[in-house]
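# Summary of the model geometry
Here is how the chains run, residue by residue.
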Amino acid sequence: MAKNTILPIDVENAMEQMQKIQKANADFLQSLAKGQMELVNELIEGTMKHFDSIKNAKNVQEMVELQNQYLSDSAKKITTLGKKFFDLYVSNQPKLIDILPTASVSKPVAKKPAAKPVTKKPVAKPAAKKPAAKPAAKKPVAKPAAKKPVAKPA
């Protein structure tokens, strides 16, 4: 009779690891929030400066040039901070991996099924050809009915 074995759980160690994970996640989220606030503040300040410069534009062509410059600068800021967020995320992953416990129990290795012996399958003989079908006999064509003489009234 096989016994059900339950791995012993070290509750104190598990709680300690959970606290480390929570702290790492909190630090990561705090860094993301700080970066997001920096981005929002830069974009708001840039927008306000842009409105001031457009307000002072002398003609439509100058206004279009200012708009293009503003959009280009904003895209650069967003791209730079997006890369910064990605780098922050990537740098945070090893911290979490170091905290997470590794299983000491080896996982069972799946066995490959044994190869089936190769047997030759019987080859079916081609079916004999059927004789060509004869054309159907033609039915005689019905003749129109003969006309009956009609009696004339006297």
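The preceding data block contains the structure.
The text that follows walks through the structure, step by step, so that each part is easy to find.

Glancing now at the overall build of the protein. When its secondary structure is counted, the protein shows two helices and zero strands. The buried share among the 154 residues of the protein stands at 10%. Accessible surface computed for the protein: about 15400 Å², of which carbon and sulfur atoms make up 64%.

All told, the structure shown has five salt bridges when counted by the stated rule. The partner of lysine 20 in a salt bridge is glutamate 16, with the nearest N and O atoms 3.6 Å apart. You can see lysine 20 and its partner glutamate 16 sitting in helix 1 (residues 11-55), four residues apart, about one turn around the helix. Relative accessible area serves as the criterion here: at 43%, glutamate 16 is assigned to the partly exposed category. Close ionic contact of aspartate 87 with lysine 83 constitutes a salt bridge, the shortest N to O distance being 3.0 Å. With aspartate 87 and lysine 83 both in helix 2 (residues 60-99) and four residues apart, this pair spans about one turn of that helix. Exposure remark for aspartate 87: the relative accessible area of 37% places this residue in the partly exposed category.

Inspection of every chain in the model, using the stated rule, returns one aromatic pair. For the ring pair phenylalanine 28 and tyrosine 89, a centre distance of 6.0 Å and an interplane angle of 55° mean the geometry is tilted. Of this pair, phenylalanine 28 sits in helix 1 while tyrosine 89 sits in helix 2, placing them 61 residues apart in sequence. Using a relative accessible area of 42% as the deciding quantity, one classes tyrosine 89 as partly exposed.

A few words now on the side chain of asparagine 92. In this structure, asparagine 92 sits in helix 2. Using a relative accessible area of 5% as the deciding quantity, one classes asparagine 92 as buried. Apart from residues no more than four positions distant in its own chain, asparagine 92 is found in contact with Ala24 and Phe28.

Let's shift gears to the side chain of histidine 50. Residue placement: histidine 50 occurs in helix 1. The class of histidine 50 is buried, set by a relative accessible area of 6%. Among the polar contacts made by the side chain of histidine 50, one reaches the side chain of glutamine 67 at a distance of 2.6 Å. With residues near it in sequence (within four places) discarded, histidine 50 still touches Leu66, Gln67 and Tyr70.

Side chains of Val40, Ile44, Met48 and Phe51 sit close together on the surface and give an oily, nonpolar patch of about 380 Å² of accessible area. Among the structural elements, phenylalanine 51 can be located in helix 1. Given a relative accessible area of 49%, phenylalanine 51 falls into the partly exposed group.

Below, the discussion takes up helix 1. With 45 residues, helix 1 should reach 66 Å at 1.5 Å per residue; the first-to-last C-alpha distance of 65 Å fits that figure. Within helix 1, burial applies to Gln17, Ile21, Ala24, Phe28, Gly35, Leu39, Gly46 and His50. The secondary structure elements touched by the buried residues of helix 1 are helix 2.

Cut-offs used in this document
- Residues numbered from 1 in each chain as written.
- Predicted model: local features only at pLDDT ≥ 70, side-chain atom pairs only at ≥ 80, totals over all residues.
- Heavy atoms only, no water.
- Helix = DSSP H or I, 4+ residues; strand = E, 2+ residues; numbered from the N terminus.
- Buried < 20%, exposed > 50% of the residue type's maximum accessible area, 1.4 Å probe, protein only.
- Areas by Shrake-Rupley, 256 points an atom, 1.4 Å probe, with all protein chains shown as cover.
- Salt bridge = Lys/Arg side-chain N within 4 Å of Asp/Glu carboxyl O.
- Phe/Tyr/Trp six-rings, centres within 6.5 Å; stacked < 30°, edge-to-face > 60°.
- Contact = heavy atoms within 4.5 Å.
- Polar contact = N/O pair within 3.5 Å; in protein donor to acceptor, adjacent residues only side chain to side chain.
- Patch = residues over 30% accessible without salt bridge, like charges linked within 9 Å, V, L, I, M, F, W, Y side chains within 5 Å.
- Expected span 1.5 Å × (residues − 1).

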